[in-house]
Amino acid sequence: MPDLMECPRLPGHLLANARLLPDRYEILPLLPKGRVVAEIGVALGDLSENFLLTCQPREFIAVDLFKLHEIPMLWGKPTAELFGNRTHGEFYRERFAEPIRQGRMRVIEEDSVKAIEGLPDHSVDIFYVDADHSYASVAGELAVIKRKVRDDGLIILNDYIMNEAGFSNAPYGVIQATNEFMLSENWEMIYFALQSYMYCDVVLRKASSRGAAPAGERLAALEQQNAALHQALEAMRASRSWRLTAPLRSLRQSLRPKRERT
Ligand SMILES: C[S@@+](CC[C@H](N)C(=O)[O-])C[C@H]1O[C@@H](n2cnc3c(N)ncnc32)[C@H](O)[C@@H]1O
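Here the structure is a predicted model, which means the values were calculated and not measured.

Observations concerning the sheet that holds strand E10 (residues 201-206)
Taking strand neighbours across the sheet as the criterion, the 8 strands line up as E1-E9-E10-E8-E7-E2-E3-E6 in an open arrangement whose pairing is mixed. Each end of this open sheet is capped by a strand with a single partner; those strands are strand E1 (19-21) and strand E6 (105-109). The sheet shows a mean angle of 20 degrees between the axes of neighbouring strands, direction not considered. Relative to strand E9 (residues 187-193), E1 runs parallel, the two being bridged by 3 bridges.

As structure tokens, then:
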């Protein structure tokens, strides 16, 4: 059992608008088109390609260390074969040569936190966070992202899972960092996308911008509604027509079968 950190509990009001999706690819058509998208950790670019095709971003910012060619094997294959004897960065830039040439894609070869810090404040509509999954890294990224994302923007976090289950079992900090961020910054979950090994994705948006009421406020509103309904009921019972039809109601009640009456 890896050394797992306990996750803070999320209150109901930050989950009330969450929808469950079969997988992360179902998120993409639900995102706004023509926006600024930043994918933090792009690897070979498989998701980048899906983002480009489905969301047609005005600008796509690809952030990665681009050092995967330095390791001999990746996902069961030699990296030399995977990258065609190119570096990771060369492979990615070649794959996306056209959108880069068109000025629709920008590639930043840097550590995630430094790269995000270099973006103008409130300039990104959608962040997709999928780099280092340790607590320190994700918490560090979210601390910067909150200044860089637009007020009506979205943050998607990949690998919302406790550890690298089924592989190295190394602990992850994605859930802890995400939940802490949601609680401290008042961001709500709007999608939870499943994955076949539960390497799930979550999509967050600022709760206050949508006016999501805290549980206490919603309870007060329900109590108010309840009191108003009681008042209306009492007024109806006190009315002349209600009193005049009372014998009729009692007769109907006595004619019902016994089981129904009880
Ligand atoms: C899981 S892969 C990303 C997969 C990609 N998002 C996809 O869905 O196809 C993680 C990537 O994050 C990059 N990465 C890891 N730590 C990083 C860091 N501190 N800064 C920037 N990139 C990082 C790795 O180089 C790797 O390419």
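Still more ground to cover, so stick around.
Quick look at unusual backbone geometry
Of note in this structure, Gln56 is not a glycine but carries a positive phi near 35 degrees. Note that Gln56 resides in the loop between helix H1 (46-55) and strand E3 (59-64). Notably, Met198 is not glycine yet its phi reads approximately 65 degrees, a positive angle.

What to know about the site of the ligand
As a structural note, the neighbourhood of the ligand is formed by 16 residues, with Glu39, Gly41, Asp64, Ser112 and Asp130 the closest of them. In this structure, an oxygen atom belonging to the ligand sits 3.2 Å away from a main-chain N or O atom of Ala43. For the ligand, a nitrogen atom lies 2.7 Å from a polar atom in the side chain of Asp130. Out of a free accessible area of 600 Å², the ligand has 85% covered by protein chains. For the shell around the ligand, the residue count by class is 6 nonpolar, 3 polar and 7 charged.

Things to note about the pairing of strand E7 (residues 124-129)
The element E7 is largely enclosed, with a buried count of 6 among its 6 residues. By the bridge criterion, 4 bridges tie strand E2 (residues 36-40) to E7 in an arrangement that is parallel. Bridging across to E7, Ile40 finds its partner in Val129. With helix H6 (residues 135-148) bridging E7 and its parallel neighbour strand E8 (residues 149-157), the resulting β-α-β unit is right-handed.

Conventions we followed
- Residues numbered from 1 in each chain as written.
- Predicted model: local features only at pLDDT ≥ 70, side-chain atom pairs only at ≥ 80, totals over all residues.
- Heavy atoms only, no water.
- Pairing = 2+ DSSP bridges.
- Helix = DSSP H or I, 4+ residues; strand = E, 2+ residues; numbered from the N terminus.
- Axes fitted to C-alpha atoms, helices over the stretch in contact; angles between N-to-C directions.
- Near = heavy atom within 4 Å.
- Polar contact = N/O pair within 3.5 Å; in protein donor to acceptor, adjacent residues only side chain to side chain.
- Areas by Shrake-Rupley, 256 points an atom, 1.4 Å probe, with all protein chains shown as cover.
- Nonpolar A, V, L, I, M, F, W, Y, C, P; charged D, E, K, R; others polar.
- Buried < 20%, exposed > 50% of the residue type's maximum accessible area, 1.4 Å probe, protein only.
- Right-handed = clockwise from strand over helix to strand, strands pointing away.

Geometry only, nothing functional implied.
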